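Inside the fold
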Amino acid sequence: MVRNLDFHFILISFLSAKMANFRASCRDPTAQNPPNVSSSGSGGVCMMRNTWRDEQHPSFINFISSFLSANSFHLNFVPIAPDFIFNCGGLSVAFVFVTNWDCNNYLPTYSRVKEQFANLYIVVTLPTREQNDSFVHSYFKLGMKLGRPTFVPVQDLEMGFEKIVKIAHARGVCKRQDVASKLRAERKRSVQGMDVFLRVITSIPGIGNHDANSLNQAIGSIESIAKASKDYILKNTDLSDDKIKTITRFFRDPKFYLSLKINRWEKKEGR
C-alpha cells in the first residue's frame, strides 16, 4: 500500500514539470500552445457538479475549462454528489473541492467525507495562516483517520485544481500499468503452460508439434486428452488412427508409459 502511494506521488511530481507554466499561460490570452500531458497518455472525462460551478467566479470556471481542454479532458456539468469525478484509464476518482474554508463553520466540509466513493480526495484551499491552523485543529479534533479519505491542502484555487488533475491522471496511469502488468503475467503463464503441454504431448512416440497443436485446439488440456475417447479424437482432429491408438495407450496403459521412460533412461545411460 505504501509503495502504491509513493508511486502515485512520484507520478504527480513528474507531471508537475509539464503543468507548472500552464496556469500563467491561461491567464495570458496571447500565450500559444500551452504545455499539456496528453502525450503521456492523459485525457479522459471530467464531470463537475453543476451547483458547485454556480458557486464559483466565472473566471475560475474559464480557467478550469481551458486547463482541461489543454490536457485532453472532456468537461461535463452534471448533478453529482462530489464536486468532481474524473474517469482516467478506466478508473473513477472523486474530489470534494473546498474553495472557501470557513474557520467558524467547518462541519459541513467534514460531513461530505461520509460520501461513499472508493477513490475520494478532499482538496482544501487554505490561503491564510489562520485558515491553515483552523483546518489542522479541526482535523485532529474530529478524530479523522489519515488517508480515509486523503485531504490535500493547497494555497490557492488554481493550484488546487492542478493538484486534482495530477492526482486523477496519476491514478489513471497506475490503473493502466496494473492492467498491462496483469495481461503480461497472464500471457507469460499461458506461454509457460503451452510449453509444458508441448513437451508432454510430443514425448509420445510419433507425435510432433503439429499433432500437439491440433490436439490442443480440438481437445484442450492434457487431462482432457487423457480422458478423450479414440472416436472423439478421430472425429475432431486430423491425426491418423495409429497415432490416436498410441496416444490413448500412452495415457491408459501404465506398462506402455513406463516402458518409454525406462527405454529413454537406458539410452541416456548408454546401456
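Residues numbered from 1 in each chain as written. Predicted model: local features only at pLDDT ≥ 70, side-chain atom pairs only at ≥ 80, totals over all residues. Heavy atoms only, no water.

**Quick look at helix H6 (residues 129-141)**
Its 13 residues give H6 an end-to-end C-alpha distance of 18 Å, which sits within 8% of 18 Å, the value for a rise of 1.5 Å per residue. Restricting attention to buried positions, one finds in H6 the residues Gln131, Ser134, Phe135, Ser138 and Tyr139. Viewed end-on, H6 has its buried residues packed into an arc of 130°, placing them on one side of the element. For H6, exposure combined with an orientation more than 90 degrees from the buried face picks out Arg129, Glu130, His137, Phe140 and Lys141. Against helix H5 (107-111), strand E5 (120-125) and strand E6 (150-154) lie the buried residues of H6. At the C-terminal side of H6, Gly143 shows a positive phi close to 65°. (Helix = DSSP H or I, 4+ residues; strand = E, 2+ residues; numbered from the N terminus. Expected span 1.5 Å × (residues − 1). Buried < 20%, exposed > 50% of the residue type's maximum accessible area, 1.4 Å probe, protein only. Arc of directions from axis to C-beta. Contact = heavy atoms within 4.5 Å.)

**As for the sheet that holds strand E3 (residues 84-88)**
Read from one edge to the other, the open sheet built from six strands follows the order E2-E1-E3-E4-E5-E6, with strand pairing classed as mixed. The strands lining the two open edges of the sheet, one partner per strand, are strand E2 (73-78) and E6. The average undirected angle you get between the axes of adjacent strands in this sheet is 20°. Summarising the sheet, E5 and E6 pair through five bridges and their orientation is parallel. Residue pairing across strands places Val124 opposite Pro153, the latter belonging to E6. (Pairing = 2+ DSSP bridges. Axes fitted to C-alpha atoms, helices over the stretch in contact; angles between N-to-C directions.)

**A word on the confidence of the model for the chain**
Summary statistics for the chain give a mean pLDDT of 78 and a share of 76% for residues scoring 70 or more. Element-level mean pLDDT values for the chain span from 41 in helix H2 (residues 22-27) up to 94 in helix H3 (residues 50-55). Taken as a whole, residues 37-41 scores under 50 in pLDDT and shows twelve contacts with residues more than four places along the chain or in a different chain. Across residues 261-271 the pLDDT falls below 50, and counting only partners more than four positions away or on other chains, this stretch makes three contacts in the model. (pLDDT = per-residue confidence, 0-100.)

**Notes on unusual backbone geometry**
What is expected of a backbone is that most residues other than glycine have negative phi and most peptide bonds are trans. Positive phi values are uncommon outside glycine, yet Ser72 reaches one of about 65°. In this structure, Ser72 sits in the loop between helix H4 (58-70) and E2. Assessed through its relative accessible area of 35%, Ser72 is described here as partly exposed.

**Some words on the nonpolar core**
Of all hydrophobic cores here, the largest spans 26 residues; its most connected members are Ile64, Phe84, Phe86, Phe95 and Phe161. Counting residues per element, the ones that place at least two in this core are strand E1 (44-49), H4, E3, strand E4 (91-98), E5, E6 and helix H7 (157-201). Not counting chain neighbours up to four residues away, the residues in contact with Ile64 comprise Met48, Trp52, Phe84 and Phe161. Among the nonpolar cores identified, the runner-up in size contains 17 residues, and Ile80, Val98, Tyr110 and Tyr139 belong to it. (Core = buried A, V, L, I, M, F, W, Y, C linked by side-chain atoms within 4.5 Å.)

**Some points on helix H8 (residues 209-218)**
Buried within H8 we find Asp211, Ala212, Ser214 and Leu215. For H8, the arc enclosing every buried residue in end-on projection is 160°, short of the 170-degree limit, so these residues lie on one face. Opposite its buried face, H8 presents the exposed residues His210 and Gln217, each directed more than 90 degrees away. Where H8 ends, the next residue or the one after it, Gly220, has phi of about 120°, a positive value.

**Some details on the pairing of E1**
One face of the sheet, then the other: side chains in a regular strand alternate in exactly this way. As defined by bridge partners, E1 adjoins E2 across six bridges and the pair is classed as parallel. Bridge pairing links Val45 to His74 in E2. Looking at chain direction, E1 and E3 are connected through four bridges and run antiparallel. If you follow Val45 over to E3, its bridge partner there is Asn87.

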